[in-house]
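Descriptive structure summary
Read off the chains here:
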Amino acid sequence: MAFPMRMRANVEGDVVVVRVLMTHPEDTGLIKDKAGKIIPAHFIQSVTCKNNDKTVLTCDWGTAISKNPFLEFRFKGGKSGDKVTVSWIDNKGETSTADTTVS
Amino acid sequence: MNQTRRQVMQIGAGAAALGVAATAGLMPNIALAADAPGWNAPLFEAKSFADAAKIWGGTPTESADVSIIGPDIAENGAVVPVGVKSNAAGTTALGIVIEKNPTVLAGLFNMTDVSVPNVATRVKMAQTSNVYAVAKVGDKLLFSKKEIKVTLGGCGG
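This structure is a prediction, so every number in the text was calculated from the model and none was measured. Along each chain, numbering runs from 1 in the same order as the chain's sequence is written. Written order determines the labels here, with chains lettered from A and ligands numbered from 1. Where local features are concerned, this predicted model is filtered to residues with pLDDT of at least 70; where side-chain atom pairs are given and counted, the filter is 80 or more; whole-chain, interface and lining totals use all residues.

1. Section: the overall build of chain A
Along its length, chain A carries zero helices and seven strands. Along its sequence from the N terminus, chain A presents helices and strands in the succession β-β-β-β-β-β-β. Principal-axis analysis of the C-alpha atoms places the extent of chain A at approximately 50 × 20 × 20 Å. To assign burial, the other C-beta atoms lying within 10 Å of each residue's own C-beta are counted, with C-beta atoms placed from the backbone; 20 or more indicates buried, 12 or fewer indicates exposed, and intermediate counts indicate partly exposed. The buried share of chain A, taken over its 103 residues, is 41%. Helical segments are the DSSP runs of H or I of at least four residues, strand segments are the runs of E of at least two, and each set is numbered from the N terminus.

2. Thoughts on the pairing of strand E7 (residues 115–123) of chain B
Burial within E7(B) is extensive, with seven of its nine residues counted as buried. Bridge count for strand E5 (residues 70–76) of chain A against E7(B) is four bridges, and the pairing is antiparallel. Counterpart to Phe75(A) in the pairing with E7(B) is Ser115(B). Should DSSP find at least two bridges between two strands, the strands are regarded as paired. By the bridge criterion, six bridges tie strand E4 (residues 80–86) of chain B to E7(B) in an arrangement that is antiparallel.

3. A short note on unusual backbone geometry
Most peptide bonds take the trans configuration, and most residues that are not glycine carry a negative phi. All names here are of chain A. Its identity as a non-glycine residue notwithstanding, Asn52 has a phi of 50°, on the positive side. A tally of 14 C-beta atoms within 10 Å means that Asn52 is categorised as partly exposed. A positive phi is found at Asn68, a non-glycine position, where the angle reads about 50°. Mapped onto the elements, Asn68 comes out in the loop between strand E4 (54–61) and E5.

4. Overview of the nonpolar core
Across soluble globular proteins, you tend to see nonpolar side chains buried next to one another. Residue and element names in this part refer to chain B. In these notes, a nonpolar core means any group of buried Ala, Val, Leu, Ile, Met, Phe, Trp, Tyr and Cys residues linked to one another through C-beta atoms within 7 Å. Counting residues in each nonpolar core, the largest one holds 62 residues, and the members touching the most others are Ala52, Ile96, Val97, Ile98 and Val123. Among the elements that line this core, the one with the most residues is strand E8 (residues 129–137), at six residues. Setting aside anything within four residues of it in sequence, one finds Ala52 in contact with Leu43, Ala46, Val97, Val104 and Leu105. A residue pair is marked as a contact if its C-beta atoms, positioned from the backbone, fall within 7 Å.

5. Examining the sheet that holds E5(A)
Reading across the sheet, the six strands line up as E1(A)-E2(A)-E5(A)-E7(B)-E4(B)-E2(B) and stay open at both edges, with antiparallel pairing between neighbours. Looking at which strands have only one partner, the edges of the open sheet turn out to be strand E1 (5–12) of chain A together with strand E2 (66–69) of chain B. The average undirected angle you get between the axes of adjacent strands in this sheet is 15°. In terms of strand pairing, strand E2 (residues 15–22) of chain A meets E5(A) through seven bridges, oriented antiparallel. Of the residues in E5(A), the one forming a bridge with Val20(A) is Leu71(A). Axes here mean lines fitted to C-alpha atoms, for a helix over just the part in contact, with angles spanning 0 to 180 degrees between N-to-C directions.

6. Some thoughts on helix H4 (residues 49–56) of chain B
All names here are of chain B. Along H4, the residues classified as buried are Phe49, Ala52, Ala53 and Trp56. Each buried residue of H4 sits inside an arc of 100° when the element is viewed along its axis, so together they form one side. On its buried face, H4 is in contact with helix H3 (41–45), strand E1 (59–62), strand E5 (91–98), strand E6 (105–111), E8 and strand E9 (140–152). Positive phi shows up at Gly57, right after H4, with a value of about 85°. The reported arc concerns the directions from the helix axis to the C-beta atoms and nothing else.

7. Some words on the interface of chain B and chain A
Across the boundary between the two partners, chain B contributes 42 residues, which contact 37 residues of chain A. Listed by contribution, the elements that provide at least two residues to the side of chain B that touches chain A are helix H1 (2–26), E6 and E7 of chain B. The greatest single-element share of the side of chain B that touches chain A, amounting to eight residues, is contributed by E7(B). Its residues assigned to classes, the side of chain B that touches chain A comprises 25 nonpolar, 14 polar and three charged. Examined bridge by bridge, E4(A) and E6(B) share five bridges and lie antiparallel to one another. Paired with Thr58(A) across the strands is Asn110(B), a residue of E6(B). When residues are sorted by character, Ala, Val, Leu, Ile, Met, Phe, Trp, Tyr, Cys and Pro go into the nonpolar class, Asp, Glu, Lys and Arg into the charged class, and all the rest, Gly among them, into the polar class.

Okay, here's the thing in structure tokens:
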């Protein structure tokens, strides 16, 4: 399954602000479908954000993150033209990675 | 009313656990790959802020250095924008804790030396609840809270 991501990174003052929109069902494992069967939990557990291969932020997420998660974070020391990469791994071991250039 | 709801939620959670166990029995390989490296499962299963704080390893202290950005009223509990910001020096991690969710911890954000302790995301809320923005500084958990009213819960089927 493909999980595309949309992301944007901008320099604002002395920090780089990154906004990411991921595509993921984020099923909690608590909801039943129409047939009354539990929809198994399926959610992102770990997100790694890098700037030019240097890790700037790691996130551990639970089931309470909304469907199609949004993440906004800031880091220092970035400049225009740097490459920001965001990747995640979910509880089924599926992963997705996306990158963008700081503008 | 609340009691009944709670019981229903617990039954649901139990059934989910059974479902997971059944899946694990059938497909052990997937079960082994289940949790991402470093993912702290007990922390995410904590049922109260106090429990979560114990596992996370810190004493909760209310502080004005930490701020939470969120709406007063969320129409849809499935998508509640929440931001966490810390002005305390030496913040190593930020967290979002939703008091009345089945599991209280929504997310953890681990800082590095270059990250700015200011993040935002969107979370699910089962019902109107206090939401805690938590910043880990040394062995202290600095927090500030805000009640967000939810008109439509985010955990309903």
